[in-house]
Each structure stands twice: as C-alpha cells, then as structure tokens.
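# Examining the three-dimensional arrangement
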Amino acid sequence: MRELRESIVIAMPRQSVWDLLADFGRVADWAPYMKSSRLIGDIQSGVGMRRVMSHAWGFRFEEAVTQWTEGSGFSFDVFRAPYPMTNVKESWALDHEDGFSTVSTRVTYGMKLGPIGQLIDWLLVRFIVKREMRAGLRGLKQFSERN
C-alpha cells in the first residue's frame, strides 16, 4: 500500500474551514480537478454519507464516509478509482491554532497488475495523486479565504 500525505495552513477560523469540508457533496466548489459533485442517497451527514464526482479528465468517482469526527475530520473509501488503482482510502483532518487552521489529507491505495502496477505507480500515479492532493488543498485555501 502506498501512503501519501499533504497539508496546508489556512488563515481562517476552524469552524469556517470545517463548514466547507463537512459539505461533502460540494467538493467541486473548491477542488480544481472536480467538474461536479453531489451527495447520493439519504444520509446527509456523517458515516454512510456518499457522493459522486466527475473529474476533469472524465473519471467518475464514488465515495462513502467511513469515519466522522464532527469539527475535526473524516475518512472515506473511494469506489471506481482509475484503473489500476485499488483499495483507495482518503482522510481529511483539521487542527486550529492561533487563528490559523491546518488541513491535512492522507491517501492510501494499492495497485493491480503486480510488478507492472508498482512500476506504473512509481513512474506516474503517485505524482498525479500528490499533485491533485496539493491542488485540492490550495483550492480549499483560496476558496475559504476568498469567501
């Protein structure tokens, strides 16, 4: 399993940042690579909440929240991840100190195709995932500080 981590400091109060993160179905409002996102199903908050997203490159993602700590973070599983990725899990955490919020994200995943998948990950996938993690955090920062 590959594990990638990124974080960013946002000059906003914890509650303002949490309100954006907790609005799980509206991630496309601030995540640059997401063309659209919306909740699916009946659960509107917490564990079991699901969303569907359309990526700028044409991928369609579905995600389901597996852990939820009100005001400080959540984890979710990604379904329909781009091939040959498998078992993709992501978490977002929020800390606050001296008027600044720190948002951290962690992505873990495996690769199908054995050694070939590992090579594809080493040469390409991990760089794309890291780039999108950074872009998402920057998008969240810009959106929250602007609004």
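A brief report on the enclosed structure follows. Because the structure is a prediction, the values reported are computed rather than measured. (Residues numbered from 1 in each chain as written. Predicted model: local features only at pLDDT ≥ 70, side-chain atom pairs only at ≥ 80, totals over all residues. Heavy atoms only, no water.)

## Focus: the overall build of the chain
A count of helical and extended segments in the chain gives two helices and seven strands. In the chain, the succession of helices and strands from N to C terminus is β-α-β-β-β-β-β-β-α. Over its C-alpha atoms the chain spans a radius of gyration of 15 Å, differing by no more than 12% from the 15 Å that the globule rule assigns to 147 residues. Dimensions along the principal axes, computed over C-alpha positions, put the chain at roughly 45 × 35 × 25 Å. Pairs at least 24 residues apart make up 49% of the contacts formed inside the chain by residues separated by at least 6 positions. Total accessible area computed for the chain in this model is approximately 8,100 Å², and 53% of it derives from carbon and sulfur atoms. Once the 20 positive and 17 negative side-chain charges of the chain are each reduced to a mean point, those two points are 8 Å apart. (Helix = DSSP H or I, 4+ residues; strand = E, 2+ residues; numbered from the N terminus. Rg over C-alpha atoms; globule rule 2.2 N^0.38 Å. Contact = heavy atoms within 4.5 Å. Areas by Shrake-Rupley, 256 points an atom, 1.4 Å probe, with all protein chains shown as cover. Lys, Arg positive; Asp, Glu negative; His and termini not counted. Charge placed at Lys NZ, Arg CZ, Asp CG, Glu CD.)

## Let's talk about the packing of aromatic side chains
A full pass over the atoms with the stated rule returns 10 aromatic pairs. Summarising the aromatic geometry, the rings of Phe24 and Phe74 are spaced 5.7 Å apart at their centres and angled 90 degrees between planes, so their arrangement reads as edge-to-face. Here Phe24, found in the loop between α1 (14–22) and β2 (34–40), pairs with Phe74, found in strand β5 (residues 73–79); they are 50 residues apart in sequence, far enough to count as distant. Assigned by exposure class, Phe24 and Phe74 land together as buried. Here Trp68 and Phe74 contribute two aromatic rings whose centre-to-centre distance is 5.2 Å and whose plane-to-plane angle is 15 degrees, an arrangement assigned as stacked. (Phe/Tyr/Trp six-rings, centres within 6.5 Å; stacked < 30°, edge-to-face > 60°. Buried < 20%, exposed > 50% of the residue type's maximum accessible area, 1.4 Å probe, protein only.)

## Looking at the sheet that holds strand β6 (residues 85–97)
Sheet strands pair by backbone hydrogen bonding; their relative direction is either parallel or antiparallel. The strand order across the open sheet formed by seven strands is β1-β7-β6-β5-β4-β3-β2, and the pairing between neighbours is antiparallel. If you trace the sheet from one side to the other, it starts and ends with β1 (2–10) and β2, each paired once. Mean inter-strand twist for the sheet, computed between neighbouring axes without regard to direction, equals 20 degrees. Examined bridge by bridge, β6 and strand β7 (residues 100–111) share 11 bridges and lie antiparallel to one another. Within β7, the residue paired with Glu97 across the bridge is Phe100. Relative to β6, α1 is tilted by about 160 degrees, and along the sheet it contacts β1, β4 (60–69), β5, β6 and β7. The strands touched by helix α2 (residues 114–146) within the sheet are β1, β3 (50–55), β6 and β7, with β1 carrying the most contacts at an inclination of about 20 degrees. (Pairing = 2+ DSSP bridges. Axes fitted to C-alpha atoms, helices over the stretch in contact; angles between N-to-C directions.)

## Overview of α2
If you check α2, its first and last C-alpha atoms are 44 Å apart, about what 33 residues at 1.5 Å a residue would give, namely 48 Å. Of all the bends in α2, the greatest measures close to 55 degrees and is centred on Asp121. (Expected span 1.5 Å × (residues − 1). Bend = angle between axes of the 7 residues up to and from the residue.)

## Some remarks on the pattern of salt bridges
If you walk through the whole model with that rule in mind, you get 13 salt bridges. In this structure, Glu3 engages Arg106 in a salt bridge whose closest nitrogen and oxygen atoms are separated by 3.3 Å. On the criterion of sequence distance, the pair formed by Glu3 in strand β1 and Arg106 in strand β7 is long-range, its members being 103 residues apart. Bridged by salt links that share partners, the residues Arg50, Arg60, Glu62 and Arg80 form one connected network. (Salt bridge = Lys/Arg side-chain N within 4 Å of Asp/Glu carboxyl O.)

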